[in-house]
Amino acid sequence: MNKQQRIKKNTEFQRVFKKGKSFANRQFIVYLLKDEQEAFRLGLSVSKKVGNAVARNRVKRYIRQAFLELKDDLLPNADYIIIARPQAANLDFHESKKSLEHVLKIARALPKK
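The present account deals with the structure reproduced in this document. What you see as residue numbers is a count from 1 along each chain, following the sequence as written. Only residues with pLDDT of at least 70 get local features here, since the model is predicted, and only at 80 or more are side-chain atom pairs given and counted; chain-wide, interface and lining totals rely on the full set of residues. Derived side-chain values reflect all non-hydrogen atoms in the structure, with water molecules and hydrogen atoms excluded from consideration.

Within the fold, alanine 109 resides in the segment after helix H3 (93-106). Placed 29 residues apart in sequence, alanine 109 and tyrosine 80 show a C-alpha to C-alpha distance of 9.6 Å. We call two residues in contact whenever any of their non-hydrogen atoms come within 4.5 Å of each other. Alanine 109 has contacts with Leu32, Asp73, Leu74, Leu75, Tyr80 and Leu104, leaving out every residue within four places of it along the chain. Numbered from the N terminus, helices here are DSSP runs of H or I no shorter than four residues, and strands are runs of E no shorter than two.

Here we come to helix H2 (residues 53-70). Along an α-helix, residues three or four positions apart point the same way, because every turn accommodates 3.6 residues. Here the expected length of a helix is defined as 1.5 Å per residue gap, with one fewer gap than residues. Taking 1.5 Å of rise per residue, 18 residues should cover 26 Å, and H2 covers 26 Å from first to last C-alpha, within 8% of that figure. When a residue's accessible area, from a 1.4 Å probe over protein chains only, is under 20% of the maximum for its type it is buried; when over 50% it is exposed; and in between it is partly exposed. Those residues of H2 that sit buried are Ala55, Arg56, Val59, Tyr62, Ile63, Ala66, Phe67 and Leu70. When H2 is viewed along its axis, its buried side chains cluster within an angular range of 130 degrees and face the same direction. Considering only its buried residues, H2 is in contact with strand E2 (28-34), strand E3 (41-46), strand E4 (78-84) and H3. Think of the arc as the fan of directions from the helix axis to the C-beta atoms.

Another aspect to go through is the layout of surface pockets. Space inside the largest pocket adds up to approximately 200 Å³. Lining the largest pocket, in full, are Met1, Gln5, Arg6, Ile7, Lys8, Phe13, Leu42, Gly43, Leu44, Val46, Lys60 and Arg64. Elements represented by at least two residues in the lining of the largest pocket include exactly E3 and H2. A per-element tally of the lining of the largest pocket places E3 first, with 4 residues. Throughout, the ten residues Ala, Val, Leu, Ile, Met, Phe, Trp, Tyr, Cys and Pro are labelled nonpolar, Asp, Glu, Lys and Arg are labelled charged, and all others, Gly among them, are labelled polar. Of the residues in the lining of the largest pocket, the class split is 6 nonpolar, 2 polar and 4 charged. Cavities and pockets are found on a 1 Å grid laid over the protein atoms alone: a cavity is a set of points where a 1.4 Å probe fits but cannot escape, a pocket is an open set with protein on both sides within 12 Å along at least five of seven lines, and a lining residue has an atom within 4 Å of such a point. Grid points are joined across faces, edges and corners, and a volume is the space filled by probe spheres set on the points.

So, in structure tokens, the structure goes:
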């Protein structure tokens with residue numbers, strides 16, 4: 001993901017937390033804020049409760065890859081913040097992607113097929 005597609009600054013995270021809407025399932029919480037930009041942006045938060053550094057980095061890689069595969073179907077002008085819950089550490093890539101698709105459909109960020 002290129003730099004324009006990342007949310008890194010605390011002020012940007014706080015803006016999405018305050019003005020956006022949240023949607024959740026057992027593995028992930030998604031904060032979604034529709035905005036006036038040309039492409040979607042993604043912020044990740046994986047706490048130490050999820051596991052050690054290896055497990056946290058694996059979860060982040062899975063989320064980024066899932067978003068790259070879903071980017072054509074996602075709302076283009078929105079900010080997404082994904083918070084991984086501890087149960088996300090037990091999933092492989094396909095289960096993670098399926099869980100993310102589920103929560104994004106709840107958020108109406110993905111069309112229901």
